[in-house]
Amino acid sequence: MAAVLRFLVAATLLALSMAPAFSAPPASALKAGVFEPAQPAPDFSLQGTDGKELKLARFKGKLTLLVFGFTHCPEVCPTTLARLAQARKELGSAAAEAVQVVYVTVDPERDDLDRIRKYLGAFDKSFLGGTAKPEVLAALRKNYGVFAKKVEAPGSDNYGMSHSTSVFMIDRQGKLRALMPFGHEPADFVHDLKLMLAAG
Amino acid sequence: MKFWLAFVLAFAFGWMAFAPIATGSSEELFEIPHGTYARRMAGNQVEILPATIRLTLGVRNVLLLRNLDEVPQVFGPALIMPGQSFRLPFELASIYSFACTAHASGEMQVIVDPEPAAGWDRFQWRWERLRKKGSAF
């Protein structure tokens, strides 16, 4: 029995020693999905929660994290915004200054500027929100490949919105560089934001 | 003769169960061919992405979507411009659902399996691959 065991061990060791030297291909630098080549992010003109026109061009030189959602969202939006707020904290104040979160409503019927402002303020006072006429928002969503659909709640006047959940990551030159799918932890955002900030 | 046969079998088992998994690329590539939009406009059914994509950590854990068509295409979770690629890595074994207008169901699923551990798991993984694709690498 011992001889058989020694024989199997010897064969296995030999097999291992003959396995070619494998090396994993280099991992993508970012945790997010990356667009290659990056192209200019579609700009927009919305009413901003800071009382100014909300345009991407305003944030050139900063990293912009663009989120689509609605303030009555029960799960995805609070989770995403809380994680982005946490990521900004972890980045430290200097780096966080270079990151702007922009939240665009997909529910202009209920989300007015005041409501969006209060909602975002609960996560991070620096977050900016935007709204516009439904057709303007629909055109913006189309430019980013974002979907949003009203979901009626049977037997109630209330409704929900089914919507895209990814965060669009726009670099300092205004190019749409990456897209972080829902579910990533703040550490992943911190990782990618640091790389994007370092890239200039 | 018996000795050598046993040795070869043990060698094969040992290699299949313990050798590191080789992979030239960790990417699973899907392309939208040139002319897809035109074919769709002509009324042809064109399916590019399967409704479910299966990846394996450490082997194929990157979804690479490439748009070779002349118009932007919503492809899985992203709107991809003509000539553009979208490279989405996965680091956790799980089932991921993405909204996808390219599918009739409106959803695309990516199932990411864990990397087969050295031993029986890796042997089974290689055996299945050998059976289905004719390659155990």
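Residues numbered from 1 in each chain as written. Chains lettered and ligands numbered in written order. Predicted model: local features only at pLDDT ≥ 70, side-chain atom pairs only at ≥ 80, totals over all residues.

### Notes on the overall build of chain B
Line of reasoning, step 1. Within chain B one finds 3 helices and 8 strands.
Line of reasoning, step 2. Helices and strands in chain B line up, N terminus first, as α-β-α-β-β-β-β-β-β-β-α.
Line of reasoning, step 3. The globule rule puts the C-alpha radius of gyration for 137 residues at 14 Å, and the 19 Å found for chain B is more than 25% above it.
Line of reasoning, step 4. Overall size of chain B, expressed as C-alpha extent along the three principal axes, is 65 × 30 × 25 Å.
Line of reasoning, step 5. Partitioning the contacts of chain B with sequence separation of at least 6, the portion at a separation of at least 24 is 57%. (Helix = DSSP H or I, 4+ residues; strand = E, 2+ residues; numbered from the N terminus. Rg over C-alpha atoms; globule rule 2.2 N^0.38 Å. Contact = placed C-beta atoms within 7 Å.)

### Section: the overall build of chain A
Line of reasoning, step 1. Check the secondary structure of chain A and you find 6 helices and 10 strands.
Line of reasoning, step 2. Counting across all 200 residues of chain A, residues that qualify as buried make up 38%.
Line of reasoning, step 3. A sequence separation of at least 24 residues applies to 69% of the contacts in chain A between residues at least 6 apart. (Buried ≥ 20, exposed ≤ 12 C-beta atoms within 10 Å, placed from the backbone.)

### A short note on helix 4 (residues 113–121) of chain A
Residue and element names in this part refer to chain A.
Line of reasoning, step 1. Buried within helix 4 we find Ile 116, Tyr 119 and Leu 120. Angularly, the buried residues of helix 4 cover 90 degrees about the axis, an arc narrow enough to put them on a single face. For helix 4, exposure combined with an orientation more than 90 degrees from the buried face picks out Asp 114 and Lys 118.
Line of reasoning, step 2. Among the structural elements, strand 5 (99–105) and strand 6 (128–131) are those in contact with the buried residues of helix 4. (Arc of directions from axis to C-beta.)

### Comments concerning the packing of helix 2 (residues 76–91) of chain A against helix 6 (residues 186–199) of chain A
All names here are of chain A.
Line of reasoning, step 1. Axis separation between helix 2 and helix 6 bottoms out at 8 Å; the angle between their running directions is 50 degrees. Classed by the angle they form, the pair helix 2 and helix 6 counts as oblique. Both helix 2 and helix 6 take part in a crossing whose hand is right-handed. Facing helix 2, whose interface residues are Arg 83, Leu 84, Gln 86, Ala 87, Glu 90 and Leu 91, helix 6 presents Pro 186, Phe 189, Val 190 and Leu 193.
Line of reasoning, step 2. In terms of residue class, the contact of helix 2 with helix 6 is built from 7 nonpolar, 1 polar and 2 charged. (Axes fitted to C-alpha atoms, helices over the stretch in contact; angles between N-to-C directions. Parallel < 35°, antiparallel > 145°, perpendicular 65-115°, else oblique. Left-handed = near helix turned anticlockwise from the far one by under 90°. Nonpolar A, V, L, I, M, F, W, Y, C, P; charged D, E, K, R; others polar.)

### Digging into the nonpolar core
One broad rule of soluble globular proteins: the nonpolar side chains tend to lie buried together.
Line of reasoning, step 1. Of all hydrophobic cores here, the largest spans 67 residues; its most connected members are Leu 65, Tyr 103, Val 104, Phe 168, Met 169 and Ala 178 of chain A.
Line of reasoning, step 2. Each residue touching Met 169 of chain A, except ones within four places of it in the same chain, is listed here: Ala 32, Leu 63, Leu 65, Arg 177, Ala 178, Leu 179, Met 180, Asp 192 and Met 196 of chain A. (Core = buried A, V, L, I, M, F, W, Y, C linked by C-beta atoms within 7 Å.)

### Details of the sheet that holds strand 2 (residues 52–56) of chain B
All names here are of chain B.
Line of reasoning, step 1. With mixed pairing, 3 strands are arranged side by side in an open sheet as 2-8-7. Looking at the sheet topology across the chains shown, the edges are occupied by strand 2 and strand 7 (94–99). Shown here is a sheet whose adjacent strand axes are inclined to one another by a mean of 20 degrees, direction ignored.
Line of reasoning, step 2. Across 5 bridges, the pairing between strand 2 and strand 8 (residues 107–113) is parallel. The residue of strand 8 that forms the bridge with Ile 53 is Val 110. (Pairing = 2+ DSSP bridges.)

### Focus on the sheet that holds strand 1 (residues 27–32) of chain B
The strands making up a sheet are joined through hydrogen bonds of the backbone, oriented either antiparallel or parallel.
Line of reasoning, step 1. With respect to topology, 11 strands assemble into an open sheet ordered 3(A)-2(A)-6(A)-5(A)-4(A)-9(A)-10(A)-1(A)-6(B)-3(B)-1(B), the strand pairing being mixed. Each edge of the open sheet carries a strand with a single partner, namely strand 3 (53–54) of chain A together with strand 1 of chain B.
Line of reasoning, step 2. Examined bridge by bridge, strand 2 (residues 46–48) of chain A and strand 6 of chain A share 2 bridges and lie antiparallel to one another. By the bridge assignment, Gln 47 of chain A is partnered in strand 6 of chain A with Thr 131 of chain A.

### Concerning the pairing of strand 8 of chain B
Line of reasoning, step 1. Sheet topology note: the strand 7 of chain B/strand 8 of chain B ladder contains 6 bridges and is antiparallel. Pairing of Ile 95 of chain B across the sheet is with Ile 111 of chain B, part of strand 8 of chain B.

### A closer look at helix 1 (residues 2–18) of chain B
Line of reasoning, step 1. If you check helix 1 of chain B, its first and last C-alpha atoms are 24 Å apart, about what 17 residues at 1.5 Å a residue would give, namely 24 Å.
Line of reasoning, step 2. Gly 14, Trp 15 and Ala 17 of chain B are the residues of helix 1 of chain B that are buried. (Expected span 1.5 Å × (residues − 1).)

### Concerning the environment of Leu 130 of chain B
Residues and elements named next belong to chain B.
Line of reasoning, step 1. Summarising the element assignment, Leu 130 is placed in helix 3 (residues 120–133).
Line of reasoning, step 2. Of the residues examined, Leu 130 has 13 C-beta atoms within 10 Å and is grouped as partly exposed.
Line of reasoning, step 3. The spatial distance from the C-alpha of Leu 130 to the C-alpha of Ala 99 is 33 Å, given a sequence separation of 31 residues.

### Section: the confidence of the model for chain A
Line of reasoning, step 1. Predicted confidence across chain A gives a mean pLDDT of 89, with 86% of residues reaching 70 or more.
Line of reasoning, step 2. Residue range residues 20–28 of chain A is modelled with pLDDT below 50. Its contacts to residues more than four positions away, or to other chains, number 10 contacts. (pLDDT = per-residue confidence, 0-100.)

### Considering the environment of Asn 143 of chain A
Line of reasoning, step 1. Relative to the helices and strands, Asn 143 of chain A is located in helix 5 (residues 134–144).
Line of reasoning, step 2. On the basis of neighbour counts, which here come to 14 C-beta atoms within 10 Å, the residue Asn 143 of chain A falls in the partly exposed class.

### Description of unusual backbone geometry
Line of reasoning, step 1. Residue Pro 37 of chain A follows Glu 36 of chain A across a cis peptide bond; omega there is -5 degrees.
Line of reasoning, step 2. Checked against the element boundaries, Pro 37 of chain A lands in strand 1 (residues 33–40).

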